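Residues per chain are reported as follows:
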Amino acid sequence: MGATGFQPGRILLLAALTALALIGFASGDPGILSGANLYSMAVFAVEIGIIAFGQTLVICGGDGGIDLSVGAIAALSQVLMGMALQAGIPWPASVLIAAAGGTVMGAVNGVLVTCFRIEPIITTLATMFVFDGLALVLTGGINIDLTTMPQTFLDLGQGSVFSLPFQLLCIYLPVFVILIALQHRTLFGRSLYLVGTNTLSARLTGIRVDRLRAWTYVIAGLLSGLAGAIGAARLGTASPTASEQANLISIAIVVLGGSSIFGGDGSVVGTAVATVLIGVVNYGLSYNDFNPIYQAGVMGIILIVAVLIENLASGRNWSAVPFLSLAKGKSSG
Amino acid sequence: MSLKAGARPDKLAKPPASAHGWVRAAARFAKGREGVLLITLCLLVIVISIGSHGAFWAPVNLNNLMVSAAVTAIPAIGMTLVILTGGIDVSIGSMLGLVAAIGGKFFEAGWSIPAVAPLFCLIGAAFGLVNAAIIIGGRVPPVVATLGTLSIFRMCVFLVLGASWITMIPPELTVIFISDRLWFLPVASVMALVLMAVFAFFLRSFRLGRHIYAIGNNEEAARLAGVPVARIKLYAYTLLGMFTGIAALLTLGQSPLVQTSTGTGFELAVIAAVVLGGTELSGGRGTILGTLLGTLIVGLVNDGVVLMHIQPFWGGVLLGGIILLSIGVNQRWPGRGGEATE
Amino acid sequence: MTAFELKNIVKSFGGVKALKGVDLQIESGRTHVLLGENGAGKSTLIKILTGALTPDEGTILIDGEACALRNPEHAQAMGIAAVYQEPMIYPHLSVLENIFMGREIAGPLGFVRRDAMRTSVRPVLAELDLPETLLSRPMSSLSLGYQQLVLIAKALVQNARLIIFDEPTSILSRAESQRLFAIIGRLRDGGRAIVYITHRLEEVPQIGDRVTVLTDGQVTGAYRAGEFSETTLLELMAGKKSREIEREIEEHRDIAADAVRHPVLTVENLTHESYFADVTWRIPGGVITGIYGLVGSGRSEVALSVFGFLRPSGGRVLLDGRAVAPADPAEAIAIGIGYLPEDRKLQGIFATKPLESNLTSNRLGAFARTLGLLDFKELFAEAGRVMARYNIKAQSSRTMLSTLSGGNQQKGLFARWAGKPFKVLILDEPTRGIDVRTKDEIHDFIRDLAAQGVAVVVISSDLKEVLSVSDRIIVMRDGKVVDEVAGAQMTPERVLGSAIGAGKAAA
């Protein structure tokens, strides 16, 4: 792996913070460390964690890359899946529909950003509108009840294997391993790091920048779709307003995990550890009966603090340049 | 260096052909972004009139439309300024909720409107200042910073309200801003128009306004030319906050209720209006007139969806589609830099 | 009357002396031409004059009094203004605003008085022969030539006593240049001091009252009008070592007579609307073809078109006799064309990535096995091999590139391209900004490449380099090929003369 984005220092810091958080919560109520609670923690974190993986790749690609529509993709995907299930389509195919749907939505983002050259923020802001809206239109605002679906399907989100949540062991971990390989050990990943570091140099070194970036959006879409499917299975309901917070939280996790918001740095490993930390914090808050709004608020604080610390640490002298393509307007793009 | 943005062919620039000043101005307007928007606006009005079987023209509807547009328009002024300098603020929805919550508490405590109204502005400005501090002082990219404050403000709304709602809003609020009319328009709308006119004038004819454009055009050059870049950006965010505060006050006039979800999604409508109006996200280009037209279009779309009995959820889809379309159109008919063309 | 004087200016950058004690006297009402090759120190001198840099040693005197210019604003206040090659403009704002930004005429509340500004700029416009209607137009709608004039207007509005022009004609057409000269003449007659930097020899007699030649950071000649001839200037610009260079040339291999007739790469009548026209290059294998020309001559753009980064509007490219049109650099690399970019920092390196990443970035595909997984063992081994082969000094191949010295960074960039077999390898300024010893090393590597049969193209603005390394030289000027020399014809005078159009009547 070497110096291509893997940051042991940051990961250790996050691990330490996680321990601290656990201790903190435990001192308030040791019950939180029970097996059942840790289990719930893991369950909770898996979905946002998968989405954050996708966000990691998009942000790694640099040049203002970001995806604000991930939550909406998850919602629309699970709605499509729910509708398919209700129509009697067997659940494996329906889950596939969720994944495929997410992939298509990601592709839409990718095309808009690379072919039409619309800035990622505004593109994904708009597609977030569209996907959320479509989910609402298709369901009429009403959640689709899935509790009558076969147990094997519901087990996707509710089952357990070796007393660990199914989705953790059989979906999150394999995805994690695949993505580590993808980001650190494949042609794709290495090229992505180069693209995020210096777009022009990457182009001149024979890397197909646009294609690569488009793929990151496709992958993010696929992963979001998958997360949506899991979430629906877990709750037994496909909701058009699912994962509303996912946009913000996923970005917070990615930045916290050490990825530079400008691209070219960071790793899914950092994202995973940050997911754990966020999962612990979130769960601790809800365990202590804090309204979910607090979770979002804490996420916001963490996000800002993470970037502030990053700025201090790297001594970067970025003025308040907007988070847009810095090379906008030049011939190379 | 070879790779700079397209070397221009060596052609001598020709001064424009002479014509009557107003003819030229009209032609430029029609061809430009604003012209396209106006046409779109008219088309929408026609479509909605027909589709709603005339219900569009009912005074109640028009009134609502004017008020909603005003509520969106006023912060849109501030958002235009912010985006012109090259920044952005996606937190104003939560900001609105928070200002409404705090202000509402004062109303609950029995304070009178003349006492609380200025507070709305001040508190909003303070929150705008918070954003500015994080972005300019902390050097956090505007999107990230305001994504963060979006949640933080929303959390604070909950902190202020608890789980309860505020319903004790003096009904005079509604009367003053919504029902009362000044020259056939609700007071709120008049406010919006006045503010827009003032700021359009400001942007066009005052040094500070021109500096805002300069920063968006070429921040480095502006800095070297002695323009106080950081200070101006600070003003922009703070102003946006203050305008959001005003919008909060008006929202309470529209529906005298504050809940934890008040203001959710508001920022998206405002940004949509501004972007639609031709202001480019990269800064340096855009006009208040464009923002006005954009706001009206956004308002019309929302209103039309309701009137034509389209499932309300289509509103979001339409808005997103409009934004994307408008970016494409933007590339064809760019907004003006608001330069003084006489 | 010496209004501005630089005395014994010394300036170093990280151990390399850019200016070695330069004296310059600038008189009001005179146009002072500063002549010199790339790297002679002209831009450093100008940056010192405009307050952007402070000299390590030496003094600046204004009207006889020592004055340390703290920063650009200070220099501006002292009446020094510069018009640069790359205009710093506000594209969407009007010309009037571009002129007055930051120093608008405004009322007490900040109300901008456009009429007052127009009035105050009127005499300046008259002096520059610009129509008043120009003021309302958006800056971006102007051609570069007019933009430049607007920037001159800006300098005049700031009451500049000294106006420095940095290679102004490099972006102008012939006619626009003539207009500029007329304007400069008028400015000078109005009592201002003008410093005019150029390496275009034919311009000197047109506008120069005084000429100072700068070579390698030192003043090698100072003349008044009429005291110099083109040949003297040429010799001075080329440097004292031109005799040595000529000797080296005789040691070159003789190019096989028919090699040029069977080139590996042919660029045929290639045209690009904005950069170059009707360019024909014949590049044989096993030979080092140098492309010499001044900045703006279009060499890099031709290379980028061959490389698939720019799309030419006419003409064609032939590789081994077959027409090719790579759609992007990836395709070009796949068919055997390589390009080392001109600007290491912006276009070449990945500063925050390790050396091995930088070395292998253009051939990652070769290390990809099943499922795209990279064979890191092989990759690191290859990186190590390349490191050793090109003598890149770094702790290991995993060290971050930005920690390496400039010379080693450049070697790393070079190794990225040289370390992979190409049919054609175009090197754009391969030794820019590095120390002499590394320069020589890279030159040796280049010769090795040619010995292996690669068709090597070296684009360079360094006359000495291009003469000593190349077996033949193509000279470009203003987007066209103007000369082709080999063997005994490759003299500094001939090459430099063709590049700057010496000996041709100014028309």
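Per chain, the residues get numbers from 1 upward, laid out in the order the sequence is written. Both sets of labels track the order of writing: A upward for chains, 1 upward for ligands. Restriction of local features to residues with pLDDT of at least 70 applies here, the model being predicted, together with a cutoff of 80 or more for giving and counting side-chain atom pairs; totals for whole chains, interfaces and linings are based on all residues.

1. Section: the overall build of chain A
Applicable threshold: Runs of H or I in DSSP of at least four residues are treated as helices and runs of E of at least two as strands, each being numbered from the N terminus. What the globule rule says is 2.2 Å times the number of residues to the power 0.38, and the radius of gyration is computed from C-alpha atoms. Exposure is read from a count of other C-beta atoms within 10 Å of each residue's own; the residue is exposed at 12 or fewer, buried at 20 or more and partly exposed in between. C-beta atoms are placed from the backbone. Contact criterion: two residues are in contact if their C-beta atoms, reconstructed from the backbone, are within 7 Å.
On a plain count of helices and strands, chain A comes out with 13 helices and four strands. For 333 residues, the compact-globule estimate of 2.2 N^0.38 gives 20 Å, and the C-alpha radius of gyration of chain A, at 19 Å, lies within 12% of that figure. By principal-axis analysis of the C-alpha atoms, chain A measures approximately 55 × 50 × 35 Å. Residue burial in chain A is summarised as follows: out of 333 residues, 62% are buried. Look at the contacts in chain A between residues 6 or more apart in sequence, and 79% of them connect residues 24 or more apart.

2. With respect to the domain arrangement of chain C
For clarity, the cut-off: Domain ranges listed in this record stem from an automatic or a database domain assignment.
Partitioning chain C into domains gives domain 1 (2-243) and domain 2 (244-500). Each of domain 1 of chain C and domain 2 of chain C has a C-alpha centre, and the two are 34 Å apart.

3. Regarding the sheet that holds strand β12 (residues 276-283) of chain C
Residues and elements named next belong to chain C. Note the threshold: Criterion used throughout: strands pair if DSSP finds at least two bridges between them. Lines fitted to C-alpha atoms define the axes here, with helix axes fitted over just the stretch in contact, and angles between the N-to-C directions of these axes take values from 0 to 180 degrees.
The antiparallel open sheet is built from four strands, whose spatial order is β12-β11-β14-β15. At either end of the open sheet lies a strand with only one pairing partner, and these are β12 and β15 (322-324). Each neighbouring strand pair of the sheet contributes to a mean axis angle of 25 degrees, computed without reference to strand direction. Both strand β14 (residues 314-319) and β15 contribute to a ladder of three bridges, which runs antiparallel. Residue pairing across strands places Val317 opposite Val324, the latter belonging to β15. The sheet contacts of helix α10 (residues 299-306) involve β11 (265-272), β12 and β14, and relative to β11 the element is tilted by about 110 degrees.

4. Digging into the sheet that holds strand β16 (residues 337-340) of chain C
Remark on secondary structure: sheet strands pair via backbone hydrogen bonds, oriented parallel or antiparallel. Residues and elements named next belong to chain C. The six strands are arranged β16-β17-β18-β13-β19-β20 in an open sheet whose pairing can be described as mixed. Strands with a single pairing partner mark the edges of an open sheet, and in this sheet they are β16 and β20 (480-486). The sheet shows a mean angle of 20 degrees between the axes of neighbouring strands, direction not considered. As judged from the four bridges shared by β16 and strand β17 (residues 424-428), these two strands associate in the parallel manner. For Ile337, the partnering residue across the bridge sits in β17 and is Val424. Each of β13 (288-293), β16, β17, β18 (455-460) and β19 (472-477) is contacted by α10, which is oriented at about 145 degrees to β17, the strand it contacts most.

5. Let's talk about the environment of A:Thr56
All names here are of chain A. Among the secondary structure elements, Thr56 is positioned in helix α2 (residues 35-60). Separated by 175 residues in sequence, Thr56 and Gly231 place their C-alpha atoms 20 Å apart. Setting aside anything within four residues of it in sequence, one finds Thr56 in contact with Val254, Ser259, Gly266, Val268 and Thr271.

6. Thoughts on the packing of α2(A) against helix α7 (residues 166-185) of chain A
Residues and elements named next belong to chain A. Put simply, the test is: Angular relationships are summarised with four words: roughly parallel below 35 degrees, roughly antiparallel beyond 145, roughly perpendicular across 65 to 115, and oblique for the angles in between. Handedness of a crossing follows from how the near helix is turned relative to the far one, being left-handed for an anticlockwise turn of less than a right angle and right-handed for a clockwise one. Amino acid classes used here: Ala, Val, Leu, Ile, Met, Phe, Trp, Tyr, Cys and Pro are nonpolar; Asp, Glu, Lys and Arg are charged; the rest, including Gly, are polar.
Relative orientation of the contacting elements α2 and α7 amounts to 20 degrees, with a least axis distance of 10 Å. Considering their axes alone, α2 and α7 lie roughly parallel with respect to each other. Like other packed secondary-structure pairs, α2 and α7 cross with a definite hand, here left-handed. Contact with α2, carried on its side by Ala42, Val46, Gly49, Ile50, Phe53 and Leu57, involves Gln167, Leu168, Tyr172, Val175, Leu179 and Gln183 of α7 and no other residues of that element. Of the residues that constitute the contact of α2 with α7, the class distribution is nine nonpolar, three polar and no charged.

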